[in-house]
Amino acid sequence: MSNSSSSGWLTTLSDVETAIGSCLAALDRYEERFSGVLGEHGTPTASAVAMPDESHERWAGRLGGAVGQADQIDRLLTEQEQLWSHWQARFSDWARSLEHPA
């Protein structure tokens, strides 16, 4: 294996490691940000569930808060998708470089 192909392989491997680290960091931020909203198994906690006797205004406020949290989740998931797509592209480049060395 030539020195330049070894260097390319190491660069790709480093990029993959960086992308995976970024994805894990995004997951950590997600868990930290939404730990109070989700219970142990991803079910809403008692404080996040509206009770039947609550006023319409309070219920509307809770729904508005849920929309805001859903928007934050969408942003985090979009970020993760971009990071994984980058990782997948780098991995595909690496696999192709093994099949067709320069």
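Please refer to the structure higher up on the page.
These figures come from a predicted structure and were not determined experimentally.

(A) Region of interest: the overall build of the chain. Scanning the chain for helices and strands turns up 2 helices and 0 strands. Counting over 102 residues, the chain shows a buried share of 11%. Contacts spanning at least 24 positions in sequence make up 69% of the contacts within the chain whose residues lie at least 6 apart.

(B) Structural context of the pattern of salt bridges. According to the stated counting rule, one finds 3 salt bridges in the structure shown. Here arginine 90 and aspartate 15 are joined by a salt bridge, their closest N and O atoms 2.7 Å apart. Within this pair, whereas arginine 90 is found in helix α2 (residues 56–99), its partner aspartate 15 is found in helix α1 (residues 3–34), the two being separated by 75 residues in sequence. Residue class for aspartate 15 comes out partly exposed when judged on its relative accessible area of 25%. Measuring nitrogen to oxygen at the nearest pair gives 2.5 Å for the salt bridge that ties aspartate 93 to arginine 96.

(C) Just the packing of aromatic side chains, in detail. For the coordinates displayed, the defined rule picks out 3 aromatic pairs. With 5.5 Å between their ring centres and 80° between their planes, tryptophan 84 and tryptophan 87 make a pair best called edge-to-face. Of this pair, tryptophan 84 and tryptophan 87 both sit in helix α2, 3 residues apart, roughly one helical turn. Among the residues examined, tryptophan 87 registers a relative accessible area of 22% and is labelled partly exposed. An aromatic cluster is present here, built from Trp84, Trp87, Phe91 and Trp94 joined pairwise through their rings.

(D) Focus on the side chain of threonine 12. Here threonine 12 lies in helix α1. Those residues within four positions of threonine 12 in sequence are excluded, and the remaining contacts are Arg90 and Trp94.

Basis of the calculations
- Residues numbered from 1 in each chain as written.
- Predicted model: local features only at pLDDT ≥ 70, side-chain atom pairs only at ≥ 80, totals over all residues.
- Heavy atoms only, no water.
- Helix = DSSP H or I, 4+ residues; strand = E, 2+ residues; numbered from the N terminus.
- Buried < 20%, exposed > 50% of the residue type's maximum accessible area, 1.4 Å probe, protein only.
- Contact = heavy atoms within 4.5 Å.
- Salt bridge = Lys/Arg side-chain N within 4 Å of Asp/Glu carboxyl O.
- Phe/Tyr/Trp six-rings, centres within 6.5 Å; stacked < 30°, edge-to-face > 60°.

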